[in-house]
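# Residue-level structure breakdown
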Amino acid sequence: MLDTTPLSAARRVWQMPWLLAFTFMAVVNVHAQEWGGSAGFGSDNIYRGRSLTIDRPAWLADIHCVLAADWIVGAGATAERTMWQSAAAQITLYINRRWLLKDDWATSVGIVHYESPWDVYRDNLRYDELNGAISYGAHWRASLAISPNSPGLLYGPNARSNAAAWAELSYHQALIDRLSADIGVGYADLQQTVFHSYSYGSAGLNYGVGDVAFYLTRVWTSRPTELNPQNPYPAISRTSARWTASVVWSF
């Protein structure tokens, strides 16, 4: 699934976010090994247009296993910081099934489970997601994610969750040597939750040196910050457009 920074990727396959999704697929295709992973650090942890660290620097880690070339199972962790709390982490467990179709087309379906075990609101931040994606060659990728229990009103006596969906489209283009460009757009449908729906997108460059990739990305959202007192995260980052930088090592 598409994501606005590579830091998001190690948590979901993959979205585990969209810039790093391309890196992830490259690792799977290039290395003839069952196990792989990644570790990285960036200026923010932006996931679907939303900062999960309240515009603070973030780290990521992921470990996954490729089964019979078609199945991927793994676990990821990334920095998380909700309002009024110290830094913590979000954990994801995922499984993904891929199919190679004719004429450079490919598709995948996956399930992701999210946990925030060190957060005081952990019971309300636990949720699941079903996602699907289709790609053409090494360039185009479209994805759809649906959650039946996405966090809505996250705490208090009326705490509840409800359905939410995210649709994304991204384009990847190799430029010179190992320099490439990525651009993507997305839409978050949160009508069934207490939050507003919004659109988001990003454009950036990435450059590889060995097993390390460097990213510089411009990210934007359609809504300013919503400091909803019922929401431990700002619903959107504090600014509608900002730069992010990150480095990711894949193994």
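Residues numbered from 1 in each chain as written. Predicted model: local features only at pLDDT ≥ 70, side-chain atom pairs only at ≥ 80, totals over all residues. Heavy atoms only, no water.

An unreviewed UniProt entry annotates the chain as MipA/OmpV family protein originating from Pseudolysobacter antarcticus.

Within the chain, the secondary structure is distributed over 2 helices and 14 strands. Among the 251 residues that make up the chain, the fraction classed as buried is 52%. Put simply, 54% of the contacts in the chain that link residues at least 6 apart link residues at least 24 apart. Total accessible area computed for the chain in this model is approximately 11,200 Å², and 63% of it derives from carbon and sulfur atoms. (Helix = DSSP H or I, 4+ residues; strand = E, 2+ residues; numbered from the N terminus. Buried < 20%, exposed > 50% of the residue type's maximum accessible area, 1.4 Å probe, protein only. Contact = heavy atoms within 4.5 Å. Areas by Shrake-Rupley, 256 points an atom, 1.4 Å probe, with all protein chains shown as cover.)

Bringing the pattern of salt bridges into the picture now. The tally for this structure, following the rule as stated, stands at 2 salt bridges. One salt bridge connects R126 with E115, and the closest N-O pair in it is separated by 2.8 Å. Residue R126 is located in the loop between α2 (122-125) and β8 (127-136), and its partner E115 is located in strand β7 (residues 105-115); the two are separated by 11 residues in the primary sequence. (Salt bridge = Lys/Arg side-chain N within 4 Å of Asp/Glu carboxyl O.)

Attention now goes to the pairing of strand β6 (residues 88-100). Alignment of strand β5 (residues 71-80) against β6, held across 10 bridges, turns out to be antiparallel. Across the sheet, G74 pairs through a bridge with Y94, a residue of β6. Strand direction decides the pairing type here: β6 and β7, joined by 10 bridges, are antiparallel. Considered in β7, the bridge of Y94 is made with V112. (Pairing = 2+ DSSP bridges.)

Turning next to the confidence of the model for the chain. Mean pLDDT over the chain stands at 80; residues scoring 70 or higher make up 76%. Note that pLDDT drops below 50 for residues 4-32; the model gives that stretch 130 contacts with residues more than four away or on any other chain. (pLDDT = per-residue confidence, 0-100.)

Note: β8 against strand β9 (residues 140-151), 7 bridges, orientation antiparallel. Bridge pairing in β9 places I134 opposite A142. What sits between β8 and β9 in their antiparallel hairpin is a turn of 3 residues, with G137 showing a positive phi close to 60°.

A few words now on unusual backbone geometry. In this model, D55 sits at a positive phi of 65°, which is unusual for a non-glycine residue. Within the element layout of this structure, D55 appears in the loop between β3 (50-51) and β4 (58-67). Here D55 falls in the partly exposed class, since its relative accessible area comes to 29%. You will see that D103, though not glycine, has its phi angle at about 55°, which is positive. As for its position among the elements, D103 is in the loop between β6 and β7.

Moving on: the environment of S246. Mapped onto the elements of the fold, S246 is located in strand β14 (residues 241-250). For S246, a relative accessible area of 11% corresponds to the buried category. On a C-alpha basis, the gap between S246 and F41 in space is 5.6 Å, while along the polypeptide they are 205 residues apart.

This model, assessed by the stated rule, comprises 6 aromatic pairs. Plain terms: the ring middles of Y47 and Y114 are 6.4 Å apart, the flat faces sit at 45° to each other, and that makes the pair tilted. With Y47 in strand β2 (residues 46-47) and Y114 in strand β7, this pair connects stretches of sequence that are 67 residues apart. A residue is classified by how much of its surface remains accessible, and Y47, at 5% relative accessible area, is buried. Relative accessible area serves as the criterion here: at 0%, Y114 is assigned to the buried category. (Phe/Tyr/Trp six-rings, centres within 6.5 Å; stacked < 30°, edge-to-face > 60°.)

Positionally, H172 belongs in strand β10 (residues 161-174). Each C-alpha atom, one on H172 and one on G184, is 8.8 Å from the other, the two residues being 12 residues apart in sequence.

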